[in-house]
Amino acid sequence: MGRFGGFFNNRWLVFVGAIWVQACAGIGYVFGSISPVIKSSLKYNQRQIASLGVAKDLGDSIGFVAGSLSEYLPMWALLFIGAIQNFVGYGLIWLIVSGRMPELPLWAMCILVFIGTNGETYFNTAALVSCVQNFPKNRGPVVGILKGFAGLSGAILTQIYAMIQVPDQAAIIFMVAVGPAMVVIAVMFIVRPVGGHRQARQSDDSSFMFVYSVCLLLAAYLMGVMLLQDLIDLSHTVIIIFTVVLFFLLVVPIIIPLYLTFRSDPRSPLEENLLPEPQKLELGKSSQSGTESPDVIFSEIEDEKPQEVDLLPANERQKRIAHLQARLAQAAAVGAVRVKRRKGPRRGENFTLMQALIKADFWLLFLSLLLGSGSGLTVIDNLGQMSQSLGYDNPRIFVSMISIWNFLGRIGGGYFSEVIVRDYAYPRPVALAVAEIVLAIGHFFFAMAWPGTMYVGTLLIGLGYGAHWAIAPAAASELFGLKNFGALYNFLTVANPAGSLVFSGLIASRIYDNEAEKQSHMHNSLLSSPLLFGKMLDKPRLVEETLKCEGSVCFFLTLMIMSAFNIIAVALSMILVYRTKVVYASLYGKSRS
């Protein structure tokens with residue numbers, strides 16, 4: 001029983017369970033396959049489908065309730081609530097679309113889409129909060145891998161549906177309603193924070209490298225499978241084989257907790273060494289010997305220490321600060337110094353959401369995320385129209401490719417940002433600045449519309465956008481603590497639809513419609529010319545295309561604006577880097593020494 005108990009409480013088992021949750025949590029990414037079924041069954045027009053899309057985006061991003069409940073409820077309760085919402089929302093939609101229930105008005109359908117999609121905010125919150133708390137020293141890889149699987153879940157669910165291959169088109173809605181709920185309920189007692197695992201083990205690095213290898217293999221495999229299915233008419237048997245291999249790749253990570261728990265040789269003492277006990281000068285810890293805690297007199301240290309102390313190597317800096325703190329503590333004990341009590345937490349300690357909202361660092365992170373990820377999401381949402389305006393007949397290949405690059409961006413963003421903080425003790429937001437430079441270049445390539453730039457732009461936008469959602473949540477947990485991470489993370493997710501609303505709703509759509517109208521007037525003026533009287537019979541066909549814009553001019557100005565705003569986002573990220581150097585030096589300086 002000891003071995004099995006250790007297996008159940010193994011943090012790597014929790015991580016693998018969270019991967020499975022995230023692999024089916026991206027319900028919103030399947031909406032592009034669901035909406036045509038709803039449109040044809042309920043005889044909706046494009047405006048009505050767009051309303052459902054807005055409800056989907058809101059449900060996907062508004063996670064305040066999930067974030068707040070994560071502070072009070074166990075993780076299994078969060079997962080169960082999310083599964084119920086997912087099942088009820090999309091289950092009722094399936095009953096309506098399949099004719100088993102009377103048709104509801106559009107506003108009621110929007111509510112059902114919101115409820116069903118909002119379930120994934122509970123999945124995301126439970127998975128991320130549990131694993132970030134279980135792996136406090138590996139936040140970048142953990143967030144990157146989990147968010148990567150969430151981004152890839154659309155491709156995974158689509159492949160499973162291709163295997164089912166039933167004549168009823170509404171079956172995909174049934175699969176979205178039942179499939180994720182079943183997986184989440186099956187693992188809801190596994191995905192949770194587990195105690196006693198703040199241990200620095202040599203096996204962690206090799207375990208993460210194994211997971212990274214599986215991720216890269218999975219991305220390459222899905223890319224190849226999607227290309228084959230798009231270019232070749234495969235038999236149902238081959239599709240089943242492809243899907244079985246996909247399941248195998250998803251299950252493979254379970255090897256890690258099995259090996260760590262049931263391997264025959266005992267753990268070496270080196271692996272079992274606990275992380276260094278927090279020093280008395282560490283943020284947020286109380287002194288055991290005195291009435292004044294170190295966080296109370298920390299503000300005095302900031303006032304008294306010379307500026308050159310921050311430039312010293314980690315060991316020397318810690319010695320100097322410890323010596324100064326000892327002097328201040330002694331002076332406070334004899335009454336020579338009146339200690340100032342600082343109100344509220346400092347960066348690196350546990351903030352509530354309201355405490356974080358009054359901090360400049362939080363808004364720098366939020367605005368940088370809004371400009372970067374918001375512009376990337378705008379390209380993703382409009383990729384079909386962008387490719388069609390440039391003359392590509394099949395936009396699905398670009399949609400599939402950007403999904404894979406988004407996945408790899410999340411994986412790579414988590415990995416490289418972790419190298420920055422662990423090997424160099426440098427602020428993680430510098431990786432955010434690099435991702436925004438990549439996005440700025442990607443927008444520029446799309447705007448130029450040179451031959452082949454659709455492929456290059458898709459690569460850059462996918463990588464840059466995906467990296468944001470591995471880097472920003474990890475940085476938020478470092479600067480504002482783990483205790484209320486669920487609420488902080490779900491507030492940051494609002495940056496995604498907010499940025500998309502600005503760039504897509506207010507800028508891209510207006511410029512696109514304006515250019516389409518210009519082209520329409522040009523076509524109509526040509527038709528009205530006496531020299532072209534013989535072509536007047538073609539006028540009805542052209543009138544149908546008056547709202548369609550063709551050429552690079554359709555998105556040129558939008559893309560250049562977004563490229564410029566990403567440069568502003570780089571500046572915001574670098575300001576955050578400058579402001580948080582001391583915090584990251586205190587968090588990761590010891591691990592380097």
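All residue numbers here refer to positions counted from 1 along the written sequence of the relevant chain. Per-residue local features are limited, in this predicted model, to residues with pLDDT of at least 70; the limit for side-chain atom pairs, both in listing and counting, is 80 or more; totals at the level of whole chains, interfaces and linings are taken over all residues. By convention in this description, side-chain values take in all heavy atoms of the structure and omit both hydrogens and water.

As annotated in an unreviewed UniProt entry, the chain carries the name Nodulin-like domain-containing protein and is attributed to Acorus gramineus. UniProt positions are given in the numbering used here, feature names are shortened, and annotations may be inferred rather than shown by experiment. Under the heading Subcellular location (unreviewed entry), UniProt records this for the chain: "Membrane".

Caption draft 1: Main features of the packing of aromatic side chains. The pairing test for Phe, Tyr and Trp rings, Trp by its six-membered ring, is centres within 6.5 Å, and the orientation test on the planes gives stacked under 30 degrees, edge-to-face over 60, and tilted for anything in between. Taken as a whole and judged by the stated rule, the model has 27 aromatic pairs. Consider the rings of F64 and F491, whose centres lie 6.0 Å apart with planes at 50 degrees: the pair is tilted. Separated by 427 residues along the polypeptide, F64 in helix α5 (residues 64–69) and F491 in helix α22 (residues 485–492) bring together distant segments of the chain. Here F64 falls in the partly exposed class, since its relative accessible area comes to 36%. F491 gets classed as buried once you look at its relative accessible area, which sits at 14%. Taken together, the ring pairs in this structure connect F64, F351, F362, W363, F366, F480 and F491 into an aromatic cluster. Sitting above the plane of the F8 ring, R192 keeps its charged end 4.3 Å from the centroid. Think of it this way: any DSSP run of H or I at least four residues long counts as a helix, any run of E at least two long counts as a strand, and we number them from the N terminus. With a 1.4 Å probe rolled over the protein chains alone, any residue whose accessible area is under 20% of its type maximum counts as buried; one over 50% counts as exposed, and the rest are partly exposed. Whether a charge sits over a ring depends on NZ of Lys or CZ of Arg being within 6 Å of the ring centre and within 35 degrees of the ring normal.

Caption draft 2: Summary view of a nonpolar patch on the surface. To count toward a patch, a residue needs a relative accessible area over 30% and no salt bridge; like charges are then connected within 9 Å, while nonpolar side chains (Val, Leu, Ile, Met, Phe, Trp, Tyr) are connected within 5 Å. Only the protein chains shown count as covering a residue, and every accessible area follows the Shrake-Rupley method with a 1.4 Å probe. The rule for a salt bridge is simple: a side-chain nitrogen of Lys or Arg has to be within 4 Å of a carboxyl oxygen of Asp or Glu. A surface patch of nonpolar side chains, about 720 Å² in accessible area, is lined by F8, W76, F80, I84, F87, V88, I185 and F189. Per element, the largest residue contribution to the nonpolar patch is five residues, and it comes from helix α6 (residues 75–97). Mapping F189 onto the fold places it in the loop between α9 (171–187) and α10 (203–231). With a relative accessible area of 47%, F189 lands in the partly exposed category.

Caption draft 3: Region of interest: the packing of helix α17 (residues 360–381) against helix α25 (residues 553–579). Relative orientation of the contacting elements α17 and α25 amounts to 155 degrees, with a least axis distance of 9 Å. Taken together, the axes of α17 and α25 lie roughly antiparallel to each other. When the axes of α17 and α25 are compared, the crossing they make is left-handed. Counting all contacts with α17, which are made through A360, D361, L364, L365, L367, S368, L371, G372, S375, T378 and V379, the residues of α25 involved are L559, M562, F565, N566, I568, A569, L572, S573, I575, L576 and R579. Note on geometry: axes are lines fitted to C-alpha atoms, helical ones only across the stretch in contact, with angles between N-to-C directions running from 0 to 180 degrees. Should an angle fall under 35 degrees it is taken as roughly parallel, and over 145 as roughly antiparallel, whereas 65 to 115 is taken as roughly perpendicular and any remaining angle as oblique. Two helices that cross are described as forming a left-handed crossing if the nearer one is turned anticlockwise from the farther one by less than a right angle, and a right-handed crossing if clockwise. Any two residues having at least one pair of non-hydrogen atoms within 4.5 Å are treated as being in contact.

Caption draft 4: View of empty space enclosed by the protein. Think of a 1 Å grid over just the protein atoms. A cavity is a set of points where a 1.4 Å probe fits yet cannot get out, a pocket is an open set with protein on both sides within 12 Å along at least five of seven lines, and lining residues have an atom within 4 Å of a point. Grid points are joined across faces, edges and corners, and a volume is the space filled by probe spheres set on the points. As enumerated under the stated definition, the model contains one cavity of 30 Å³ or more in all. Roughly 70 Å³ of volume is contained in the largest cavity. Sorting elements by how many residues they give to the lining of the largest cavity places α25 first, with four residues.

Caption draft 5: Seen up close, the confidence of the model for the chain. A score from 0 to 100, pLDDT tells how confident the predictor is in each residue. Per-residue confidence for the chain averages 80 on the pLDDT scale, and 79% of its residues sit at or above 70. Contacts from residues 268–304, a stretch scored under 50 in pLDDT, to residues over four places away or in other chains number 69 contacts. Taken together, the stretch residues 532–546 has pLDDT below 50 and engages in eight contacts with residues farther than four places along the chain or on a different chain.

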